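An overview of the molecular structure
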Number of protein chains: 2
Amino acid sequence: MGNWRDNIRQVVPYTPGEQPKRTNLIKLNTNENPYPPSKKVQETMDQITGWRLYPDPAASKLVHALAEYHGLNDDQVFVGVGSDDVLAMSFMTFFNSDKPILFPDITYSFYDVWADLFKIPYKTKALDEHFNIKSEDYKAPNGGIIFPNPNAPTGVLVDLDFIEDILKANQDVIVIVDEAYIDFGGVSAKPLLKKYENLLVVQTYSKSRSLAGLRIGYAMGNSELIKALNDVKYSFNSYTMNQPAIAIGAAVLEDEEYFRETTEKIIHTREWFKNEMSELGFSFEDSKSNFLFVTHKSAKAKDIFEAAKEKDIFVRYFDKPRIDNYLRITIGTDEEMKQFLNFVRAFLGEE
Amino acid sequence: MGNWRDNIRQVVPYTPGEQPKRTNLIKLNTNENPYPPSKKVQETMDQITGWRLYPDPAASKLVHALAEYHGLNDDQVFVGVGSDDVLAMSFMTFFNSDKPILFPDITYSFYDVWADLFKIPYKTKALDEHFNIKSEDYKAPNGGIIFPNPNAPTGVLVDLDFIEDILKANQDVIVIVDEAYIDFGGVSAKPLLKKYENLLVVQTYSKSRSLAGLRIGYAMGNSELIKALNDVKYSFNSYTMNQPAIAIGAAVLEDEEYFRETTEKIIHTREWFKNEMSELGFSFEDSKSNFLFVTHKSAKAKDIFEAAKEKDIFVRYFDKPRIDNYLRITIGTDEEMKQFLNFVRAFLGEE
């Protein structure tokens, strides 16, 4: 009796970045946007009715707005509860080969968690010493490929020729480009969708659109891939997107000006911050994301991380091979970055 | 080249009830609540800030409010994107045996879809001729048990002695009682949680709380089961519950008076509607849910379904063995049910 424990799925869950409940702190640990979202959010909230009704299972309004925004057909867009939901569904839908899927050794730490959860075989491929993905690593037999562009937590971007090279060599599997951070200076792989029917491009509202709290992500691909994703989604939960997410997600796409203004502000802050950090003895690859992945010539990353936390400044530290002397620092407002720099100066001065 | 199709997961997706986009119709097909949700919804919406931040991954505010409401500890409550999300996660988490899981042959049509999706072996057990679950059917070796109480689409309720009998015989597997419709006159299995650590009770905001559009469901169980669910959830998507769902979900629990008032109204309408339907020659088992599952002595269910649709009245018809001459009719407002009855009278008169 009591053997019910035997059939419980054993997993090592993903550890999300800390979400401290206090508000009086500098939070540079989970790549959120320091600026509030478009004013369309509050305007739209006030117009939502029909709470008692199930949402449109196809979330057509949101799908249509995204398709129009990206110059695609409606049947080329799939939406989910953040890009994590979209990616998890994609793993379940597309990675059913006996051959291992491939992704970088240093990358978004959810990929191996999903592979373990769904019992998908995988192999990681080591980035070079400058954290570049080596395209030749992705020309071995495999059951699918996924990488973020820019990569996380490194911030390093690859160009479209690089992606096309990988696509050409892998036309028998699905290749997923995870573009969570693409709006901070990268070029999306979207144009390659016309040429490669096995490409899936995933984006999110959580970073560049300042809406991590609303949970919207989406995939763009050929209609056959999108249908397969929807079939799995309908087999899991017909109604993943709630009424506020559908309505607000569609509405904010109309506010392109604000979107450009805030992403440009972050890019500007990032470039200035890079100079300041160099001067303080930090090195890093050239980030095209809303974070910087840094290591210091003498101070230990873990010590900086812990000292910062004492001062209510949260950055991200990964206790993992190859990157355990690095910090990932989200780009906040100029004022937040100045406070961070002041902390670092004091910390280094005390050493 | 182009063999990427080979590794796509093949599924027969669940077919949700139609969600017609027009508004000028009588919608009795997906068991939504005819009354709007508590006024707390709009009040809470206006107070939501922090859109740009990730939600609390533990959704602690909502979990705590639910625990308090149900007289449980916080670590006994798991929340998800509607009870479909909670149930899908539960299938993945708890049903990992080689033995088949068991559920009724006539029941919520998502159970076999999840079993197929996650490759879980299952056996269905036939309800008796009055749509009763036979407890002896659930005393065979199995990998887990799930049934709704009241059952859907029959509306038939079992009592706590019946559930305890099944629990006693199945202490080596997880037993899930899906209480989506419990607030319309049933007694929850919640008190049995103290005695049976392998029991999971699942409820939803979509029916009795008039919030299908917000997507909130939850499971109650012993802390070990809830931890296992959270581990799987964190391996799938750390942030499933968005800011509006967490805030509103907690707030509406304070409006107990409105909750009781509207559920009682629906019960009252249902009992009156039963009489009317009997008089029109329909028969049905005694529903304790917010729907009635009916068959007519002469008119064919499918014909009624199609004729109703012509008049913009939507009810649910399942083209499945044993129930293909039945209709599931959601209990709406008195006025909606009167219009439905007028339609039926006219339809039967024309025959």
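Details of the structure are given in the entry above.
Now for a description of the structure that goes with this document. Here the structure is a predicted model, which is why all the values come from computation and not from measurement. (Residues numbered from 1 in each chain as written. Chains lettered and ligands numbered in written order. Predicted model: local features only at pLDDT ≥ 70, side-chain atom pairs only at ≥ 80, totals over all residues. Heavy atoms only, no water.)

**A closer look at the sheet that holds strand E13 (residues 327-330) of chain A**
The strands making up a sheet associate through backbone hydrogen bonding, with each pair oriented either parallel or antiparallel. Residues and elements named next belong to chain A. Taken in spatial order, the four strands of this open sheet run E9-E10-E13-E12, and their pairing is antiparallel. At either end of the open sheet lies a strand with only one pairing partner, and these are strand E9 (282-284) and strand E12 (316-317). In this sheet, strand E10 (residues 291-296) lies alongside E9 in antiparallel orientation, the contact comprising three bridges. By the bridge assignment for E10, Phe-282 is matched with His-296. Contacting E9, E10 and E13, helix H8 (residues 256-279) runs over the sheet at an angle of about 130° to E9. (Pairing = 2+ DSSP bridges. Helix = DSSP H or I, 4+ residues; strand = E, 2+ residues; numbered from the N terminus. Contact = heavy atoms within 4.5 Å. Axes fitted to C-alpha atoms, helices over the stretch in contact; angles between N-to-C directions.)

**Considering the relation of the copies chain B and chain A**
Of the two same-sequence chains, chain B is brought onto chain A (RMSD 0.0 Å, axial shift 0.0 Å) by a rotation of 180°. Put plainly, the chains are arranged around a two-fold axis. Most of the interface of chain B is mirrored in chain A, where 100% of its interface residues again form contacts. (Least-squares fit on C-alpha atoms with pLDDT ≥ 70 in both.)

**Digging into the pairing of strand E3 (residues 101-104) of chain B**
All names here are of chain B. Across four bridges, the pairing between E3 and strand E4 (residues 122-125) is parallel. The residue bridging Leu-102 from the neighbouring strand is Lys-123, located in E4. Taken together, E3, helix H4 (residues 111-117) and E4 form a β-α-β motif whose crossover is right-handed. (Right-handed = clockwise from strand over helix to strand, strands pointing away.)

**Some details on the pairing of strand E12 (residues 327-330) of chain B**
Residue and element names in this part refer to chain B. The two faces of E12 match: Leu-327 and Ile-329 on one face and Arg-328 and Thr-330 on the other face are all buried. Sheet topology note: the strand E10 (residues 291-296)/E12 ladder contains four bridges and is antiparallel. Across the sheet, residue Val-294 finds its bridge partner in E12, namely Leu-327. (Buried < 20%, exposed > 50% of the residue type's maximum accessible area, 1.4 Å probe, protein only.)

**Remarks on the sheet that holds strand E9 (residues 282-284) of chain B**
Residue and element names in this part refer to chain B. Pairing in this open sheet of three strands is antiparallel, and the strands run E9-E10-E12 from one edge to the other. Pairing within the sheet leaves two strands with one partner each, and these edge strands are E9 and E12. Mean inter-strand twist for the sheet, computed between neighbouring axes without regard to direction, equals 45°. Along the sheet, helix H8 (residues 256-279) makes contact with E9, E10 and E12, crossing E9 at roughly 130°.

**Some remarks on the environment of B:Asn325**
Residue and element names in this part refer to chain B. In this fold, Asn-325 is placed in the loop between strand E11 (313-314) and E12. In this structure Asn-325 comes out as partly exposed when scored by relative accessible area, which is 29%. Distance in space between the C-alpha atoms of Asn-325 and Ile-101 is 28 Å, their sequence separation being 224 residues. Those residues within four positions of Asn-325 in sequence are excluded, and the remaining contacts are Val-294, Thr-295, Ala-299, Lys-300 and Ala-301. Here Ala-301 takes part through its backbone nitrogen, which lies 2.8 Å from a polar atom of the side chain of Asn-325. (Polar contact = N/O pair within 3.5 Å; in protein donor to acceptor, adjacent residues only side chain to side chain.)

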